[in-house]
Amino acid sequence: MTDELEKNPAEPIRVGVLGARGRMGMEVCKAVDAAADLDLVAMVDQGDPLSTVADAGAEVVVDFTTPDVVMDNLDWCVNQGVNAVVGTTGFTGDRLERVRGWLAGKPGVGVVIAPNFGIGAVLMMQFAAKAARHFESVEIIEQHHPRKLDAPSGTATHTARLIAQARAEAGLGPAPDATKDEVPGARGAEIDGIRVHAVRAAGLVAHQEVLFGTTGETLTIRHDSLDRASFMPGVLLAVRAVRNRPGLTVGLDPLLD
Ligand SMILES: NC(=O)C1=CN([C@@H]2O[C@H](COP(=O)(O)OP(=O)(O)OC[C@H]3O[C@@H](n4cnc5c(N)ncnc54)[C@H](OP(=O)(O)O)[C@@H]3O)[C@@H](O)[C@H]2O)C=CC1
Ligand SMILES: O=C(O)C1=N[C@H](C(=O)O)C[C@H](O)C1
């Protein structure tokens, strides 16, 4: 039995990375390269043809590009029958529906899209959703490095949606707020009725606070990614799982259960 296993070791998963020269892409290439059960077969960035991925026989593509290009990348992957793990932001409900539509025509293909691959960040969102029904007030403050292209963050948007859903299920109305917005934007953006504030400052990586308030008490749930290495255990978990999860998986939560 041991001999058999030694003669036929499981084949490494062949992985291609899109956005390979970006901040996250470089970290993913390093993590995939260091994993014995994964084989980094393609590194694609702006200007490189996507066919590089197919030519290299990638079974799983990891996409950390930009919201502008990720849908075309994903459409291509699904069409080619390549599984995808996507960290790129910008996934509205409408976009997710389009991805589901593509996957309906390719039943064997799996796609995992997660707004945040940090295990602590996933827990922070779960804790926030759990706390939401107990507090009349809630605001989200996300803080990121100043080279981030989008605001608010995908994580903040996802958290706001989870909180709004929990508040609706608990029968909570809008959070109390008598303030008149003297300067547009002073009270932040509103996502599903939840206020979201985006801070950009040098020195930051990716951070989020969810501030809850009710009579005589507040609760702050905070998560800090201090290094992009924090996202790698979640990315690798998804890379290893996606081939066995046909269809669309949104968020890392089902992979952690
Ligand atoms: N889900 C999660 O856990 C996380 C998600 N993110 C998200 O990931 C995305 C990337 O973030 P980050 O790495 O910081 O951004 P970067 O700008 O550093 O990286 C994006 C890379 O994608 C490249 N690119 C642009 N267009 C294409 C294309 N068509 N094909 C291949 N590559 C392309 C860019 O090239 P060029 O610079 O030449 O345009 C760049 O090298 C963002 O949406 C961010 O919010 C980030 C961290 C964690
Ligand atoms: O751009 C980033 O850096 C990050 N993007 C993701 C987001 O928008 O939520 C995840 C994390 O916050 C880092």
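Cut-offs and rules
- Per chain, residues are indexed from 1 in the order of the written sequence.
- Written order decides the labels, with chains lettered from A and ligands numbered from 1.
- Only residues with pLDDT of at least 70 get local features here, since the model is predicted, and only at 80 or more are side-chain atom pairs given and counted; chain-wide, interface and lining totals rely on the full set of residues.
- To get the side-chain values, all heavy atoms of the structure are used, and hydrogens and water are removed first.
- Residues are labelled near a given molecule or strand when at least one of their non-hydrogen atoms is within 4 Å of it.
- Two N or O atoms count as a polar contact when they lie within 3.5 Å, although within protein this holds only if one can serve as hydrogen donor and the other as acceptor, and sequence-adjacent residues are included solely when both atoms are side-chain atoms.
- Note on areas: Shrake-Rupley with a 1.4 Å probe; residue coverage comes only from the protein chains shown.
- Computed over the protein atoms alone on a 1 Å grid, cavities are sets of points where a 1.4 Å probe fits but cannot get out and pockets are open sets with protein on both sides within 12 Å along at least five of seven lines; a residue lines them when it has an atom within 4 Å of a point.
- Grid points are joined across faces, edges and corners, and a volume is the space filled by probe spheres set on the points.
- Starting at the N terminus, helices and strands are each numbered in turn, a helix being any DSSP run of H or I of at least four residues and a strand any DSSP run of E of at least two.
- UniProt positions are given in the numbering used here, feature names are shortened, and annotations may be inferred rather than shown by experiment.
- The working definition used for a salt bridge is a side-chain nitrogen of Lys or Arg within 4 Å of a carboxyl oxygen of Asp or Glu.
- Note on classification: 1.4 Å probe, protein chains only; a residue is buried when its accessible area is under 20% of the maximum for its type, exposed when over 50%, partly exposed between these limits.

Q: Help me understand the site of ligand 2 in this model?
A: In the vicinity of ligand 2, the contacting residues are T89, P115, N116, H144, H145, K148, S153, G154, T155, A206 and F231. At 2.6 Å, a side-chain N or O of H144 approaches an oxygen atom of ligand 2. Within the side chain of K148, an N or O atom sits 2.7 Å from an oxygen atom of ligand 2. Considered on its own, ligand 2 offers 330 Å² of accessible surface; in the complex 84% of this is hidden by protein.

Q: Would you mind showing me how to read the layout of surface pockets here?
A: Using a probe with the size of a water molecule, rolled over the atoms, empty space left in the structure can be pinpointed. Considered as a void within the structure, the largest pocket measures approximately 950 Å³ in volume. If you go around the largest pocket, you meet 38 residues; those closest to its centre are R23, M24, F64, T65 and T66. If you list the elements that add at least two residues to the lining of the largest pocket, you get α2 (23–34) and α7 (154–169). Tallying contributions element by element places α2 first for the lining of the largest pocket, with three residues.

Q: Teacher, can you tell me more about the UniProt feature "domain: Dihydrodipicolinate reductase N-terminal" (unreviewed entry) in the chain here?
A: With numbering matched to this structure, UniProt assigns "domain: Dihydrodipicolinate reductase N-terminal" (unreviewed entry) to residues 13–117. As annotated, residues 13–117 comprises 38% helix and 24% strand, and the C-alpha atoms at either end are separated by 19 Å.

Q: How do you make sense of the pattern of salt bridges when you look at a structure like this?
A: Pairs may arise between side chains of opposite charge once their charged atoms sit close together. This model, assessed by the stated rule, comprises 14 salt bridges. A salt bridge links E142 to R200; its shortest N-O distance comes to 2.6 Å. Taken together, the residues span a long stretch of sequence, with E142 in strand β6 (residues 137–144) and R200 in strand β8 (residues 194–200) at a distance of 58 residues. With a relative accessible area of 0%, E142 lands in the buried category. Under the relative-accessibility criterion, R200 is labelled partly exposed at 28%. Of the charged contacts in the structure, one is a salt bridge between K180 and E182, with a shortest N-O distance of 3.7 Å.

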